[in-house]
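# Structural features, examined
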Amino acid sequence: MVTNDNDLFKVSEAGGLNLAVGKHLDFETTESHTITVEVSDDELKATAKITITVIDVNENIAPVIEKQSFTIAEDVLDDAEIGTVAGTDSGVRKITFQYDKMKQDLTELIKQIRMIN
Ligand SMILES: [Ca+2]
């Protein structure tokens, strides 16, 4: 190989083209790579540019949250920690949690109606 692309690839003497060990392709960064490969016999040699096109893969997989339950005594102080809701994401993105405020507001509303009646 005469010209590599950031040491991403390796070419064997038999012509086998491989991604180098420990290297990764990223379509979002580079859609296509060009390397220059030399071929030679005992006397002569020639070179050619080889293009490697990267195919995009959708890495955006939804985060996962399982049904969970927590137990807490009714007489704890307000703002007491009940637990940590567990959720995971396969990617590198930071995940955030939020509760369904509509349901919470509805529960409060029902409590207030009961107190009035
Ligand atoms: Ca992608």
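Residues numbered from 1 in each chain as written. Predicted model: local features only at pLDDT ≥ 70, side-chain atom pairs only at ≥ 80, totals over all residues.

### Things to note about the overall build of the protein
Stated formally: The numbering of helices and of strands both runs from the N terminus, where a helix is a DSSP run of H or I of at least 4 residues and a strand a run of E of at least 2. Two residues qualify as a contact pair if the distance between their C-beta atoms, derived from the backbone, is within 7 Å.
On a plain count of helices and strands, the protein comes out with 1 helix and 6 strands. Counting from the amino terminus, helix and strand elements in the protein follow one another as β-β-β-β-β-β-α. A sequence separation of at least 24 residues applies to 41% of the contacts in the protein between residues at least 6 apart.

### So, unusual backbone geometry
Under the convention used in this document: Residue burial is a threshold on neighbouring C-beta atoms within 10 Å of the residue's own C-beta, all placed from the backbone, with 20 or more meaning buried, 12 or fewer meaning exposed, and counts in between meaning partly exposed.
Despite not being glycine, asparagine 6 shows a phi value in the positive range, around 60°. Judged by the 9 C-beta atoms lying within 10 Å of it, asparagine 6 falls in the exposed class. For aspartate 79, which is not glycine, the phi dihedral falls at a positive 75°. Considering the arrangement of structural elements, one finds aspartate 79 in the loop between β5 (64-65) and β6 (87-88). Classification of aspartate 79 by C-beta neighbours within 10 Å gives exposed; the count is 5.

### Points about the pairing of strand β3 (residues 32-40)
Short version of the rule: Strand pairing follows a simple DSSP-based rule, namely that at least 2 bridges must link the two strands.
β3 sits mainly on the outside: 0 of its 9 residues count as buried. One ladder, built from 9 bridges, connects β3 with strand β4 (residues 45-53); its direction is antiparallel. Residue pairing in the sheet places valine 37 in a bridge with alanine 48 of β4. Linkage of β3 to β4, two consecutive antiparallel strands, is achieved through a turn of 4 residues.

### A look at the confidence of the model for the protein
Rules: Confidence scores labelled pLDDT are given residue by residue by the predictor and lie between 0 and 100.
Across the protein, pLDDT averages 85, with 83% of residues at or above 70. By mean pLDDT, helix α1 (residues 101-116) is the weakest element of the protein at 67, and β4 is the strongest at 95.

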